[in-house]
Amino acid sequence: MNRTTAAVAAMIGASLAGEASAEALKKVPPALNPGKAYVLVEYPLQRNPIKFPGSRTYIPLMDGLVLARYDTELRDVRGLGKAKARALPKGASPVEPFRNRPVAAVPPSRMMLLELEPDTWVVQGWGTTSFSLGSYTFTLEPGTVTDLGVVSSAADWAQGEGPAKAGDVIAAAFLGPFAKRPKVAPARVSFRPRTTQDMPIPAGIPSDRVKPVQFTPGAEFGNYLGGLVNRIEGVNARLKAGTGETPSAPPQK
Amino acid sequence: MRTSVLVSASLGWLLVATPASATLIYFHKPDTPAETVTSDHGRCAELAAGVRAPRHQIYTPDIYSAAAVAFFSGLFGSRERRLLAENVMRTCMADRGYRRVEASRDLEKELRDLPKDDRLQRLLTLSGTAEPDGKVLTP
């Protein structure tokens, strides 16, 4: 058996074992799969600050939430770090990366519908920022749609730092890697429940199956995204607000 | 212009490896036992070790160009990785209540003259003293 055949066989085996990879659905399924769990999340688009004729009104989504299956006992992402001993079946990934495949798009927002495995999940990160210092877990029940609400992100700049100035950007364009490196900031994320001002839940999703998310704070894990780390609410945002010692808490409903 | 270098004993970013003009910056939290400092440093260093430099690839049929690109990509890739790792250490230690302190000239000289192991111990002790020895910076 060559390597390609073996990989295909592993994928088929994983799907037969009920651990098929997650999927970002482009349309609402005719019926919810009772063996799967669904997540609904809305991303508001940022307005484009450049107002040249013909330029986009909104900036396209580049990054989004990265979700991962979480082991609450071993306190790590399943199959990684401290939870390495409790790996998922071969071929199943514990991580659901962001995929820009909206189920509904109404400017200025995009709504994603994810089909995932029922389990305890954690908000692992946003883009390449890992919320290893403190994040939220939530449980996905089979046959239900968990509404994460509306999520938005911001750069969590340290005190006295901020985005690069226009002069620095121009210098970087000319000098390339020899230019002074601009400061970097990890991302932070906030959730808020859906209101009547936001996108409605797509038609075809039975309303009795939709339930708002119940976040549990305090999840920690390793840095598996290879980028910066942060607390989901933002370490620097908390320091700036003068609440440096308050524990990680979910957003107010 | 003097550059700043964050010192993390756990990561092995020691004074000896920094340029002569570099300013020594260490993390400080008042009245913290050495075991706690070691544990906090260890956890943050673990997260910083997870940083990967972004890969830049340019395809060219010319072997000399490919070699030059690979050389510079590796060179600037490690700089990128080091800067990201420093940011991880800074955010992680700030989350644990540590402040960054720019070491005084005397302390800097003292540390430079110490053997590697003693320097490590001195840095761990310094991180938990009642008062910082140097200028306190923003977190």
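Our structure's up above, just so we're on the same page.
So, how was this worked out
- Residues numbered from 1 in each chain as written.
- Chains lettered and ligands numbered in written order.
- Predicted model: local features only at pLDDT ≥ 70, side-chain atom pairs only at ≥ 80, totals over all residues.
- Heavy atoms only, no water.
- Helix = DSSP H or I, 4+ residues; strand = E, 2+ residues; numbered from the N terminus.
- Buried < 20%, exposed > 50% of the residue type's maximum accessible area, 1.4 Å probe, protein only.
- Patch = residues over 30% accessible without salt bridge, like charges linked within 9 Å, V, L, I, M, F, W, Y side chains within 5 Å.
- Areas by Shrake-Rupley, 256 points an atom, 1.4 Å probe, with all protein chains shown as cover.
- Salt bridge = Lys/Arg side-chain N within 4 Å of Asp/Glu carboxyl O.
- Contact = heavy atoms within 4.5 Å.
- Buried area = accessible area lost by both parts, 1.4 Å probe.
- Polar contact = N/O pair within 3.5 Å; in protein donor to acceptor, adjacent residues only side chain to side chain.
- 1 Å grid on protein atoms, 1.4 Å probe; cavity = no way out; pocket = protein on both sides within 12 Å on 5 of 7 lines; lining within 4 Å.
- Points joined across faces, edges and corners; volume = space filled by probe spheres on them.
- Nonpolar A, V, L, I, M, F, W, Y, C, P; charged D, E, K, R; others polar.
- Expected span 1.5 Å × (residues − 1).
- Arc of directions from axis to C-beta.
- Pairing = 2+ DSSP bridges.
- Phe/Tyr/Trp six-rings, centres within 6.5 Å; stacked < 30°, edge-to-face > 60°.

Undergrad: Help me out: how do you make sense of unusual backbone geometry in this one?
TA: Glycine aside, residues mostly have negative phi, and peptide bonds are mostly found in the trans state. P107 of chain A connects to P108 of chain A through a cis peptide bond whose omega is 5°. Examined against the element boundaries, P108 of chain A turns out to sit in the loop between β8 (104–106) and β9 (109–116). Positive phi, close to 55°, is recorded for R75 of chain A, a residue that is not glycine. As for its placement among the helices and strands, R75 of chain A is situated in the loop between β5 (65–71) and β6 (76–77). On the basis of relative accessible area, R75 of chain A is assigned to the partly exposed category, the value being 35%. Unusually for a residue other than glycine, D31 of chain B sits at a positive phi of about 50°. Tracing the backbone through its elements, the reader meets D31 of chain B in the loop between β2 (23–28) and α1 (34–49).

Undergrad: Would you explain a nonpolar patch on the surface in this entry?
TA: Together, I170, F174, L175 and F178 of chain A together with F71 and F72 of chain B give the surface a local cluster of nonpolar side chains, amounting to about 740 Å² of exposed area. Those elements that place two or more of their residues in the nonpolar patch are α2 (166–175) of chain A together with α2 (63–95) of chain B. Looking at the nonpolar patch element by element, the count peaks at three residues for α2 of chain A. Looking at the element boundaries, L175 of chain A is found in helix α2. Given the relative accessible area of 47%, L175 of chain A is considered partly exposed.

Undergrad: Sorry, what's going on with the interface of chain B and chain A here?
TA: Note: interface size is frequently given as the accessible area lost on complex formation between the parts. Between chain B and chain A, the contact holds 21 residues from the first and 27 residues from the second. Summed over both sides, the interface between chain B and chain A buries roughly 2000 Å², with carbon and sulfur atoms accounting for 54% of that surface. The largest per-residue losses of area from chain B upon contact with chain A belong to L47, T91 and D95 of chain B, which jointly make up 25% of the total buried on that side. Across the contact surface, chain B and chain A share three salt bridges. At the junction of chain B and chain A, the tally comes to seven residue pairs in polar contact (both at pLDDT 80 or more). Only α1 and α2 of chain B provide two or more residues apiece to the side of chain B that touches chain A.

Undergrad: It is not clear to me how the layout of surface pockets should be interpreted in this structure. Could you clarify?
TA: Where empty space is left can be seen by rolling a probe of water-molecule size over the atoms. Here the second largest pocket is characterised by a volume of approximately 990 Å³. Taken together, 32 residues form the lining of the second largest pocket, with D63, W126, A155, A185 and A187 of chain A sitting closest to its centre. Broken down by secondary-structure element, the contributors of at least two residues to the lining of the second largest pocket are β2 (37–44) and β12 (145–155) of chain A together with α2 of chain B. Take the lining of the second largest pocket: its biggest share by element is five residues, from β12 of chain A. Taken together, the residues that form the lining of the second largest pocket break down as 20 nonpolar, eight polar and four charged.

Undergrad: Can you help me understand helix α4 (residues 116–127) of chain B in this one?
TA: Since the α-helix advances by 3.6 residues per turn, residues separated by three or four positions end up pointing in the same direction. Residue and element names in this part refer to chain B. Over its twelve residues, α4 runs 17 Å from end to end, which matches the ideal 16 Å to within 8%, given 1.5 Å per residue. Within the span of α4, buried status applies to R119, L123, L124, L126 and S127. With its buried residues spanning 160° around the axis, α4 presents them on a single face.

Undergrad: Which parts of the structure should I look at to understand the pairing of strand β11 (residues 129–140) of chain A?
TA: If a strand is regular, its side chains alternate between the two faces of the sheet. Residues and elements named next belong to chain A. Extensive coverage of β11 is indicated by the burial of eleven of its twelve residues. As defined by bridge partners, strand β10 (residues 119–126) adjoins β11 across six bridges and the pair is classed as antiparallel. Looking across to β11, one finds that V122 is bridged to T137. Sheet analysis places β11 next to strand β16 (residues 229–231), joined by two bridges and oriented parallel. Bridging from a neighbouring strand, S130 pairs with V229 of β16.

Undergrad: In this structure, what is going on with the packing of aromatic side chains? I would like to understand it.
TA: By convention here, two paired aromatic rings are described through the distance between centres and the angle between planes. Residues and elements named next belong to chain A. Per the counting criterion, the structure on display carries seven aromatic pairs over all chains. Pairing Y43 with W126 gives two aromatic rings, centres 5.8 Å apart and planes at 50°, and the pair type is tilted. Separated by 83 residues along the polypeptide, Y43 in strand β2 and W126 in strand β10 bring together distant segments of the chain. Just as Y43 is buried, W126 falls in that class too. Plain terms: the ring middles of Y136 and F191 are 6.4 Å apart, the flat faces sit at 50° to each other, and that makes the pair tilted. You can see Y136 sitting in strand β11 and its partner F191 sitting in strand β13 (residues 187–192), a full 55 residues away along the chain. Comparing Y136 with F191 shows no difference in burial state: the two are buried.

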